[in-house]
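This is what each chain is made of:
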Amino acid sequence: MNGTFEFAWTADELGRPYGIDVAPSGELDVIDGGDLPATGPDRSRVVILSPEGGIRATFGAFGSQDGQFRLGHDVAVGDDGRIYVVDAWGRRVQKFVGATFHE
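Below is a summary of the structure that appears in this document. (Residues numbered from 1 in each chain as written. Predicted model: local features only at pLDDT ≥ 70, side-chain atom pairs only at ≥ 80, totals over all residues. Heavy atoms only, no water.)

### Looking at the environment of Gly 60
So, step 1. Along the chain, Gly 60 falls in the loop between strand E4 (55-59) and strand E5 (61-62).
So, step 2. Measuring from C-alpha to C-alpha, the distance between Gly 60 and Asp 32 comes to 9.9 Å, with 28 residues separating the pair along the chain.
So, step 3. In contact with Gly 60, other than residues within four places in its own chain, are Ser 44, Arg 45, Gly 67 and Phe 69. (Helix = DSSP H or I, 4+ residues; strand = E, 2+ residues; numbered from the N terminus. Contact = heavy atoms within 4.5 Å.)

Quick look at the structure:
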C-alpha cells in the first residue's frame, strides 16, 4: 500500500466510529456506534465534523424510536445532503433531512 498519513480526527465525543461519508459540503459524517459507557456521554449518534476536524453538529441517541439508534453501523450522505443511517440492531435504515445538518 502506498500513501502518506495526513491527519487524524480525534475528539472525546467520539466513542467507536463505524462508518464515514463525505457530504457535498466537504463535512465528514461519522456514525458513532457506541460502546455506551455506564455514565454518558451517549455515543449512539451521528457526528458531523468540519474538514479540519471540529464538531459541527450531532444528532441521534441510543434507543429504538425515530432518530435513535441501537447500533448505528454505517452512514451515507446523498448529493442533496440527506443523511442515511444503518441501525444494525434496530434492523432499519433511517433518512434525515434538514438544513441544520449541512450548510
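### Quick word on the nonpolar core
So, step 1. One finds Ala 23, Ile 31, Val 46, Ile 48, Ala 57, Phe 59, Phe 69, Val 75, Val 77, Ile 83, Val 85 and Phe 96 forming the largest nonpolar core, which totals 12 residues.
So, step 2. The set of elements that each furnish at least two residues to this core consists of strand E3 (44-49), E4, strand E7 (72-77) and strand E8 (83-87).
So, step 3. Excluding residues within four positions of it along the chain, Val 75 makes contact with Gly 19, Ile 20, Asp 21, Asp 29, Val 30, Ile 31, Ile 83, Tyr 84 and Val 85.
So, step 4. Judged by nonpolar contacts, the second largest core, of five residues, contains Leu 14, Leu 28, Val 47 and Leu 49. (Core = buried A, V, L, I, M, F, W, Y, C linked by side-chain atoms within 4.5 Å. Buried < 20%, exposed > 50% of the residue type's maximum accessible area, 1.4 Å probe, protein only.)

### A closer look at the side chain of Gln 94
So, step 1. Its location among the elements puts Gln 94 in strand E9 (residues 92-96).
So, step 2. Of the residues examined, Gln 94 reaches a relative accessible area of 9% and is grouped as buried.
So, step 3. A polar contact of 2.8 Å, which involves the side chain of Gln 94, links it to the backbone nitrogen of Gly 67.
So, step 4. Those residues in contact with Gln 94 that lie beyond four places of it in its chain are Gln 65, Asp 66, Gly 67, Gln 68, Phe 69, Ile 83, Tyr 84 and Val 85. (Polar contact = N/O pair within 3.5 Å; in protein donor to acceptor, adjacent residues only side chain to side chain.)

### Re the pairing of strand E1 (residues 17-22)
So, step 1. Both E1 and strand E2 (residues 28-33) contribute to a ladder of five bridges, which runs antiparallel. Residue pairing across strands places Val 22 opposite Leu 28, the latter belonging to E2.
So, step 2. Counting the residues that bridge the hairpin from E1 to E2 gives five residues, and of these Gly 26 lies at a positive phi of roughly 95°. (Pairing = 2+ DSSP bridges.)

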